[in-house]
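Read off the chains here:
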Amino acid sequence: MEYVLIVISAIFVNNIVLSQFLGICPFLGVSKKISTGIGMTGAVTFVMVIATIVTFFLQKAVLEPFGVGYLQTISFILVIASLVQLVEIILKKVSPPLYQALGVFLPLITTNCAILGVAIMTIQKDFNIVESVVFAAANAIGFGLALITFAGIREQLDLMDIPKGMKGTPIALVVAGLLALAFMGFAGIV
Amino acid sequence: MNQWSNFSKGFFKENAVFTLLLGMCPTLGVTSSAIDGLGMGLATTFVLVMSNLVVAVIKDFIPDKVRIPSFIVVIATFVTIVEMTMQAYVPALFDSLGLFIPLIVVNCLVLGRAEAFASKNKLGASVIDGLGMGLGFAMALTILGSVRELLGSGKLFGTIIYPENYGMLVFVLAPGAFIALGYLIAFINQVKKEA
Amino acid sequence: MAKTESTLKNMVLTLLVITGIAGTSLGFMYELTKGPIAAAKAAKQQAAIKEVVPGFDNNPGDEMYELTSKEGFALKVFPAKKGDELMGVAIESMTNKGFGGNIKIMVGLKPDGTLINYQVLEHKETPGLGTKMDDWFKADKGQQNILGKHPKTNNLTITKDGGEVDAITAATISSRAFLDAVRVAYETYSENQSSPKADNNTSVEEGGTE
């Protein structure tokens, strides 16, 4: 039951993009096509879950015992940055097709604040390891849901007749706002 | 490029938020009031200036392949310094900005300037660039924060302008952030075209 | 000046030096700000206590003790004394029934359980709706005010639930949750009153009530 709550809360109620404002850059940047949206979601899910597990143990096994909690930001971002590189190298060797699909998105992920944000939130919420993994995965799904829905709408938008000044980013932002409004309807269900 | 245009480009021509669309997460996340936007903008400016300064100094000693990790360490150091200082001296602002302070690390604007400008330019120019871009970012956040605060709760920097009951609540909430920014950018695009 | 070459030795060395400097300077900053951070936290707590039980002259932080509520929350209790007389207690109470998660409040109770004042410490309620609880239950309008009431003699639930408190307009769940946090504070405090913690004041009877 606990896990169900975490999942529903992360995907719908506190959607990472539409209500927490994390990962906005890729949300606006790679949402022009549904296919790229799916690729990005895959890469984010992959890295987010692994990064959360690694930073979780880093926090519990190194930072807390040695009383150097103030090094959290710096060590987490370093771990995430090297992890992304590592994942890239391993994928290239082990699974070329997967690398083909996700490769181009991986370098973009280091500066995706959703990854660092989720890693820090996991610590703040005092989750145990299983809850952390569930939380990370659910957030990644939430990210994907928002991104792919948004990409779908944007594909349609291309065909619309939009006032000149609103073309491009402005109309995309307004659409994102309406999407966020729709997601607010989920508030209060947990 | 002279120093003045190097400084002023961050405000309009290459404004991080309105033109380059960098640093969108804090832009949307902490602008429910003007004061939060200003605080976030100034914190980011500090990190930007300091990291540009350090990167400009050490750029020659850093082997190319470890350039990015080194820059990230420098940035993360200053972010943590800001984090601790704010927690100590402005705890109320620290509480309301919350998670977004450590997230300055992954603000694409900061790493972007270190990589695109400071690693190629002299010390003085890099500092001015950081200051200009940072203050431009702070300006954008303050404008967005003011608009949202005014429309949403009838206040400006906490001063009541009109009764809160007439405010449009949605502008303080998440959807309002997207919509307000969308219209602001549209407005600026329009102004630019005519200028 | 020529750029340092990207040999393995150079790379490892550079990264080590940079992280070393970063770590050292952060450690230094940490020592420097540790005091002010603790002071700022203590000042915030002190200010909250002062707001909810005015007029004490001891340091409630020093005499703080913890109680566990029925729900399993650990509540901090700060006894506020003037001389030897117990003026009241400030209780850091919480509930998990909020619209957006946990709500933490500081409640000031007289030794007999009468509500003196409250302050909202932490919450994630909807801005502009649930956030109104900061002042709503202090205002003398309709049946909003809960200050000076006693949770045992007054039914401190919202009118919709048969109580006598007006809920915040359009924020019934937040109001319910807030009053629940007040209830948690009162119940936990009064249940633990049988221990003679407050025997030098007027309300010894309180301990016996179930």
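Predicted model only: the values in this text are computed from it and were never measured.

Now for the overall build of chain C. Counting its regular elements, chain C contains 3 helices and 5 strands. When the helices and strands of chain C are placed in sequence order, the string is α-β-β-β-β-β-α-α. Of all intrachain contacts in chain C linking residues separated by at least 6 positions in sequence, the fraction that spans at least 24 positions is 47%. As displayed, chain C has an accessible area near 10,800 Å², and 55% of this comes from carbon and sulfur atoms.

Opposite the 27 residues of chain C that make contact, chain B presents 26 residues. Here chain C and chain B share 1 salt bridge between them. Lys44(C) is the salt-bridge partner of Asp95(B), the closest N and O atoms lying 3.1 Å from each other. Counting the contacts that link chain C with chain B gives 1 residue pair in polar contact (both at pLDDT 80 or more). Looking at side-chain class alone, the side of chain C that touches chain B contains 14 nonpolar, 9 polar and 4 charged residues.

Residue and element names in this part refer to chain B. Considering the arrangement of structural elements, one finds Thr 31 in the loop between helix 2 (24-29) and helix 3 (34-58). On the basis of relative accessible area, Thr 31 is assigned to the buried category, the value being 0%. One polar contact links the side chain of Thr 31 to the main-chain carbonyl oxygen of Thr 27, over a distance of 2.8 Å. Discounting chain neighbours no more than four positions away, the residues touching Thr 31 are Pro 26, Gly 37, Leu 141, Leu 144, Gly 145 and Arg 148.

Time to look at a nonpolar patch on the surface. Residues and elements named next belong to chain A. Together, Leu 86, Ile 90 and Val 94 make up a nonpolar patch on the protein surface, roughly 300 Å² of accessible area in all. Among the secondary structure elements, Val 94 is positioned in helix 4 (residues 72-94). Assessed through its relative accessible area of 64%, Val 94 is described here as exposed.

Take the pairing of strand 1 (residues 65-68) of chain C next. All names here are of chain C. Covered by surrounding structure in strand 1 are Tyr 65 and Leu 67 only, the residues Glu 66 and Thr 68 on the alternate face being uncovered. In the sheet, strand 1 pairs with strand 2 (residues 74-82) via 4 bridges, with the strands oriented antiparallel. Looking at the pairing, Leu 67 lines up with Leu 75 of strand 2.

So, on to the interface of chain B and chain A. Facing the 38 residues of chain B at the interface are 37 residues of chain A. When the two sides are added together, the surface that chain B and chain A hide from each other amounts to roughly 3,000 Å², 86% of it contributed by carbon and sulfur. Three residues, Leu99(B), Val106(B) and Phe178(B), lead the burial of chain B against chain A; their summed loss comes to 22% of the area buried on that side. At the junction of chain B with chain A, the criterion picks out 0 salt bridges. Across the chain B-chain A interface, the total number found is 1 residue pair in polar contact (both at pLDDT 80 or more). Looking at the side of chain B that touches chain A, the elements that each hand over two or more residues are helix 2, helix 4 (67-89), helix 6 (108-118) and helix 8 (174-194) of chain B. Broken down by element, the residue count for the side of chain B that touches chain A peaks at 13 residues, all from helix 8 of chain B.

As a further point, take the pattern of salt bridges. Any two side chains of opposite charge can pair if their charged atoms end up close together. Applying the stated criterion to the full structure yields 14 salt bridges over all chains. The salt bridge involving Lys60(A) is made with Glu64(A); its shortest N-O contact spans 3.8 Å. Residue Lys60(A) is classed as partly exposed on the basis of its relative accessible area of 31%. Where salt bridges share partners, they join Lys70(C), Glu71(C), Lys97(C), Asp180(C), Arg183(C) and Glu187(C) into one cluster.

For the rest of this paragraph, the subject is the nonpolar core. If you look at the biggest cluster of nonpolar residues, it comprises 130 residues, and the most contacted ones within it are Phe27(A) and Phe178(B). At 12 residues, helix 4 of chain B tops the list of elements feeding residues into this core. In this structure, Leu67(C), Met94(C), Val165(C) and Ala181(C) belong to the second largest nonpolar core, which totals 34 residues.

In this model, chain C carries an average pLDDT of 79, and 90% of its residues clear a pLDDT of 70 or more. Predicted confidence for residues 196-210 of chain C stays below pLDDT 50, and this span has 17 contacts to residues more than four positions away or in other chains.

Our focus in this paragraph is helix 3 (residues 172-191) of chain C. For helix 3 of chain C, spanning 20 residues, the distance from its first C-alpha to its last is 28 Å, which sits close to the expected 28 Å at 1.5 Å a residue. Counting buried residues along helix 3 of chain C, 14 of its 20 residues qualify, which places the element largely inside the surrounding structure.

What follows concerns the pairing of strand 5 (residues 115-122) of chain C. One face of the sheet, then the other: side chains in a regular strand alternate in exactly this way. All names here are of chain C. Alignment of strand 4 (residues 101-109) against strand 5, held across 6 bridges, turns out to be antiparallel. Counterpart to Met 106 in the pairing with strand 5 is Gln 119. Count of turn residues in the strand 4/strand 5 antiparallel hairpin: 5 residues, of which Gly 113 carries a positive phi of about 100°.

Moving on, we get to the packing of helix 4 of chain A against helix 4 of chain B. Viewed as axis vectors pointing N to C, helix 4 of chain A and helix 4 of chain B meet at an angle of 155°, and their least axial separation amounts to 8 Å. Classified by the interaxial angle, the pair formed by helix 4 of chain A and helix 4 of chain B is roughly antiparallel. The handedness of the crossing between helix 4 of chain A and helix 4 of chain B is right-handed. Each of Thr73(A), Ile74(A), Ile77(A), Leu78(A) and Ala81(A) in helix 4 of chain A lies in contact with helix 4 of chain B, whose residues at this interface are Pro69(B), Ile72(B), Val73(B), Ala76(B), Thr77(B), Val79(B), Thr80(B) and Glu83(B). Along the lines of polarity and charge, the residues of the contact of helix 4 of chain A with helix 4 of chain B split into 9 nonpolar, 3 polar and 1 charged.

Moving on, we come to unusual backbone geometry. Residues other than glycine seldom take positive phi values, yet Asp126(A) does so here, at roughly 60°. Here Asp126(A) is to be found in the loop between helix 7 (113-124) and helix 8 (129-157). Look at Leu21(B): it is not a glycine, yet its phi comes out positive at around 55°. Along the polypeptide, Leu21(B) turns up in the loop between helix 1 (3-8) and helix 2.

All names here are of chain B. Interaxial distance between helix 4 and helix 6 falls to 10 Å at its minimum, and their mutual angle equals 130°. Taken together, the axes of helix 4 and helix 6 lie oblique to each other. In this structure, helix 4 crosses over helix 6, and the sense of that crossing is right-handed. Seen from helix 4, the contacting residues are Arg 67, Ile 68, Phe 71, Ile 72 and Ile 75; seen from helix 6, they are Val 110, Leu 111, Ala 114 and Glu 115. Considering only residue class, the contact of helix 4 with helix 6 consists of 7 nonpolar, no polar and 2 charged.

Reading the values: rules and limits
- Residues numbered from 1 in each chain as written.
- Chains lettered and ligands numbered in written order.
- Predicted model: local features only at pLDDT ≥ 70, side-chain atom pairs only at ≥ 80, totals over all residues.
- Heavy atoms only, no water.
- Helix = DSSP H or I, 4+ residues; strand = E, 2+ residues; numbered from the N terminus.
- Contact = heavy atoms within 4.5 Å.
- Areas by Shrake-Rupley, 256 points an atom, 1.4 Å probe, with all protein chains shown as cover.
- Salt bridge = Lys/Arg side-chain N within 4 Å of Asp/Glu carboxyl O.
- Polar contact = N/O pair within 3.5 Å; in protein donor to acceptor, adjacent residues only side chain to side chain.
- Nonpolar A, V, L, I, M, F, W, Y, C, P; charged D, E, K, R; others polar.
- Buried < 20%, exposed > 50% of the residue type's maximum accessible area, 1.4 Å probe, protein only.
- Patch = residues over 30% accessible without salt bridge, like charges linked within 9 Å, V, L, I, M, F, W, Y side chains within 5 Å.
- Pairing = 2+ DSSP bridges.
- Buried area = accessible area lost by both parts, 1.4 Å probe.
- Core = buried A, V, L, I, M, F, W, Y, C linked by side-chain atoms within 4.5 Å.
- pLDDT = per-residue confidence, 0-100.
- Expected span 1.5 Å × (residues − 1).
- Axes fitted to C-alpha atoms, helices over the stretch in contact; angles between N-to-C directions.
- Parallel < 35°, antiparallel > 145°, perpendicular 65-115°, else oblique.
- Left-handed = near helix turned anticlockwise from the far one by under 90°.

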